[in-house]
Amino acid sequence: MNCIGVNYKKVPLEIRERYAFSAEEQREFHKRLKISAHCAGSVIVSTCNRSEIYFCGKAELIAGVERELAAYKELDGQEMLGQIYVYSGDAALRHLFHVTCGLDSMVLGEDEILRQVKDGYLLAQGEGMVCNEINIAFQGAMSSAKSIKTNTLLSKTPVSVGTLAANRIEGFLKEQGTGKVLLIGITGQIGGILAKNLYDKGITEITGTSRRHGMISEGSGGNYGGSDRIVSFADRYAYVDEADVIVSATTGPHYTFVAQKLAVHIKTAKPRLFVDLAVPRDIDRAVAELAQCELVDVDDFTRAAAHNNEIKLHEKDKAELILTEKLEETKKSIYMSDFMEQNGRIFAKWKDRNFESVFYRLKDRMTAEQLKGLMEAIAGLEE
């Protein structure tokens, strides 16, 4: 198996976009590889961070697939060679495992890539482009990813401030048995991401603020991650009393909330969580001194992210051990499949000597490379 691709490590987004494949483009390119490049099997994995073509064939086939890619995407061939990476044989297989398991992702251990790899595999299968080697390789990689997800904390340990903040808010609301959020700066980048994360968690009673008059509307549900309404920033204090969580995610230079004014507007006695995601901070520190008010800021989440990164690095070592074991099993399966296809007559010829039984017992006790050497020696007996 071989792999040609681009990813976030080597080229920026504006270049990666040129290599992206829609589902329909994948179908067209599979047909093109089958007819023009005489490719027996192929899978395309296309995400915002990478586009990769996995295909079966000898190393000489790589140049042909490169030409097909350049022609199909209307790329300059020489320029393309400076942007892509190429893996072949065991290196391509190992790369596939690392990609599928989230160990090559921008966010270490992220789950989404497994679904994206599976989607590419299933699409190729529907096009009749999953040959035996591709099937064994992708099944092994996906099995490895599932094992890592089950047996490590890699994908269960968030490190982004947005995710950590959303988790903290979710935990607080569950403790209180309530669910109303006031989000200052919902129309901004950080606020919009947080609103979407909250909405994905089922937290939909979100009131957001906007400084732009034309965006203010009651019952605007869904425009910013499912918020029930967008209200004027100038009226923000009027919505504090009903809120259980108050978030500030602005980029302005002034305080969004000061303790003295909050004390006037808070009428209902209940626990409230204030979350300050602004840099510099824009919620008055004295808010933490108000009755039943808790204040956390971006530094708290940054420290949590650093701690979680340490956990991830430790879990990465565990994941690599699982990956290596699964990779070894997959390589053996590929070698065995190739050997059986080319030398099946040996099994038939030596069947009465229990050769097949002994052979499979040896397989379980050897490394992939030892097994490969044994098969080459056995095949040589027939020459």
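Residues numbered from 1 in each chain as written. Predicted model: local features only at pLDDT ≥ 70, side-chain atom pairs only at ≥ 80, totals over all residues. Heavy atoms only, no water.

## Brief notes about the overall build of the chain
Piece 1. When you go through the chain residue by residue, the secondary structure sums to 13 helices and eleven strands.
Piece 2. Over its C-alpha atoms the chain spans a radius of gyration of 28 Å, topping by over 25% the 21 Å that the globule rule assigns to 383 residues.
Piece 3. Considered along the principal axes of its C-alpha atoms, the chain spans approximately 95 × 45 × 30 Å.
Piece 4. Relative to its full complement of 383 residues, the chain shows a buried share of 48%. (Helix = DSSP H or I, 4+ residues; strand = E, 2+ residues; numbered from the N terminus. Rg over C-alpha atoms; globule rule 2.2 N^0.38 Å. Buried < 20%, exposed > 50% of the residue type's maximum accessible area, 1.4 Å probe, protein only.)

## A closer look at the nonpolar core
For soluble globular proteins, nonpolar side chains are generally found buried alongside one another.
Piece 1. Among the nonpolar cores identified, the biggest contains 35 residues, and M1, Y54, I134 and F138 are the most heavily contacted of them.
Piece 2. Secondary-structure elements contributing two or more residues to this core are strand 2 (42-46), helix 5 (90-100), helix 6 (112-126), helix 7 (132-151) and helix 11 (298-349).
Piece 3. Setting aside anything within four residues of it in sequence, one finds M1 in contact with Y54, F55, C56, S88, G89, A92, L93, L96, E133, I134, A137 and F138.
Piece 4. Membership of the second largest hydrophobic core comes to 24 residues, among which are A166, L194, I206 and L277. (Core = buried A, V, L, I, M, F, W, Y, C linked by side-chain atoms within 4.5 Å. Contact = heavy atoms within 4.5 Å.)

## Details of the pairing of strand 11 (residues 293-297)
Every regular strand shows the same layout, with side chains that alternate between the two sheet faces.
Piece 1. Of all the five residues making up strand 11, four are buried; the element is thus mostly covered by neighbouring parts of the structure.
Piece 2. By the bridge criterion, five bridges tie strand 10 (residues 272-276) to strand 11 in an arrangement that is parallel. Bridge pairing in strand 11 links D276 to D297. (Pairing = 2+ DSSP bridges.)

## Thoughts on helix 2 (residues 23-36)
Since the α-helix turns once every 3.6 residues, residues separated by three or four places project in the same direction.
Piece 1. Counted at 1.5 Å a residue, the expected span for helix 2 with its 14 residues is 20 Å, and the 20 Å between its end C-alpha atoms agrees.
Piece 2. Taken together, the buried positions of helix 2 are Q26, F29, H30 and L33. Taken around the axis of helix 2, the buried residues stretch over an arc of 110°, which confines them to a single face.
Piece 3. Considering only its buried residues, helix 2 is in contact with strand 2, strand 3 (50-55), helix 3 (61-72) and helix 6.
Piece 4. Remark: H38 follows helix 2 within two positions and exhibits a positive phi of approximately 55°. (Expected span 1.5 Å × (residues − 1). Arc of directions from axis to C-beta.)

## Remarks on empty space enclosed by the protein
Piece 1. Under the criterion given, the structure shown has two cavities of 30 Å³ or more.
Piece 2. Put simply, the largest cavity is a space of about 90 Å³.
Piece 3. Taken together, 13 residues line the largest cavity, and the ones lying closest to its centre are C101, E110, D111, A145 and K149.
Piece 4. For the lining of the largest cavity, the element with the most residues is helix 7, which contributes four residues.
Piece 5. Grouping the constituent residues of the lining of the largest cavity by class yields five nonpolar, four polar and four charged.
Piece 6. What the second largest cavity holds in volume is close to 40 Å³.
Piece 7. Taken together, I4, G5, V6, Y19, F21, S51, I53, L69 and I84 make up the full set of residues lining the second largest cavity.
Piece 8. Of all elements in the fold, only strand 1 (2-7) and strand 3 reach the threshold of two or more residues within the lining of the second largest cavity.
Piece 9. With three residues, strand 1 is the largest single contributor of residues to the lining of the second largest cavity.
Piece 10. Tallied by class, the residues present in the lining of the second largest cavity amount to seven nonpolar, two polar and no charged. (1 Å grid on protein atoms, 1.4 Å probe; cavity = no way out; pocket = protein on both sides within 12 Å on 5 of 7 lines; lining within 4 Å. Points joined across faces, edges and corners; volume = space filled by probe spheres on them. Nonpolar A, V, L, I, M, F, W, Y, C, P; charged D, E, K, R; others polar.)

## What to know about the packing of helix 6 against helix 7
Piece 1. The contact between helix 6 and helix 7 brings their axes to 11 Å, and the two run at 160°. Judged by the inter-axis angle, helix 6 sits roughly antiparallel to helix 7. For the element pair helix 6 and helix 7, the recorded crossing hand is left-handed. In contact with L114, V117, K118 and Y121 of helix 6, helix 7 contributes N135, F138, Q139, M142, A145 and K146.
Piece 2. Each residue belonging to the contact of helix 6 with helix 7 can be placed in one class, and the counts come to six nonpolar, two polar and two charged. (Axes fitted to C-alpha atoms, helices over the stretch in contact; angles between N-to-C directions. Parallel < 35°, antiparallel > 145°, perpendicular 65-115°, else oblique. Left-handed = near helix turned anticlockwise from the far one by under 90°.)

## Some thoughts on the side chain of N308
Piece 1. Here N308 lies in helix 11.
Piece 2. Given a relative accessible area of 12%, N308 falls into the buried group.
Piece 3. When near neighbours in sequence (up to four residues on either side) are disregarded, N308 contacts T157, P158, V159 and L164.

## Quick word on the packing of aromatic side chains
Piece 1. For the structure on display, the rule yields eight aromatic pairs.
Piece 2. Between the aromatic rings of Y54 and F138, the centroid separation amounts to 5.5 Å while the plane-to-plane angle is 90°, which identifies the pairing as edge-to-face. In this pair, Y54 is assigned in strand 3 and F138 in helix 7, connecting sequence segments 84 residues apart.
Piece 3. The exposure class assigned to F138 is buried, which follows from its relative accessible area of 0%.
Piece 4. Relative to F257, the ring of Y237 lies with its centre 5.2 Å away and its plane at 80°, an arrangement referred to as edge-to-face. (Phe/Tyr/Trp six-rings, centres within 6.5 Å; stacked < 30°, edge-to-face > 60°.)

## Points about the sheet that holds strand 4 (residues 85-88)
Piece 1. An order of 2-3-1-4 is seen for the four strands of this open sheet, with the pairing classed as antiparallel. Each end of this open sheet is capped by a strand with a single partner; those strands are strand 2 and strand 4. Between one strand and the next, the sheet's axes are offset by a mean angle of 15°, whatever the strand orientation.
Piece 2. Contacts from helix 5 reach strand 1, strand 3 and strand 4, with the element oriented near 135° to strand 3.
Piece 3. Where helix 6 meets the sheet, its contacts fall on strand 2 and strand 3, and the angle it forms with strand 2 comes to roughly 145°.

## Observations regarding the pattern of salt bridges
Piece 1. Throughout the structure, instances matching the rule amount to 26 salt bridges.
Piece 2. For K174, the salt bridge is made with E170, and the minimal N-O distance between the two is 3.5 Å. Taken together, the residues span about one helical turn, with K174 and E170 both in helix 8 (residues 161-176) at a distance of four residues.
Piece 3. For K174, a relative accessible area of 64% translates into the label exposed.
Piece 4. Salt-bridge contacts for D297 lead to R285; the nearest nitrogen and oxygen are separated by 3.0 Å. One end of the pair, D297, is in strand 11; the other, R285, is in the loop between strand 10 and strand 11, and twelve residues separate them in sequence.
Piece 5. Relative accessible area serves as the criterion here: at 29%, R285 is assigned to the partly exposed category. (Salt bridge = Lys/Arg side-chain N within 4 Å of Asp/Glu carboxyl O.)

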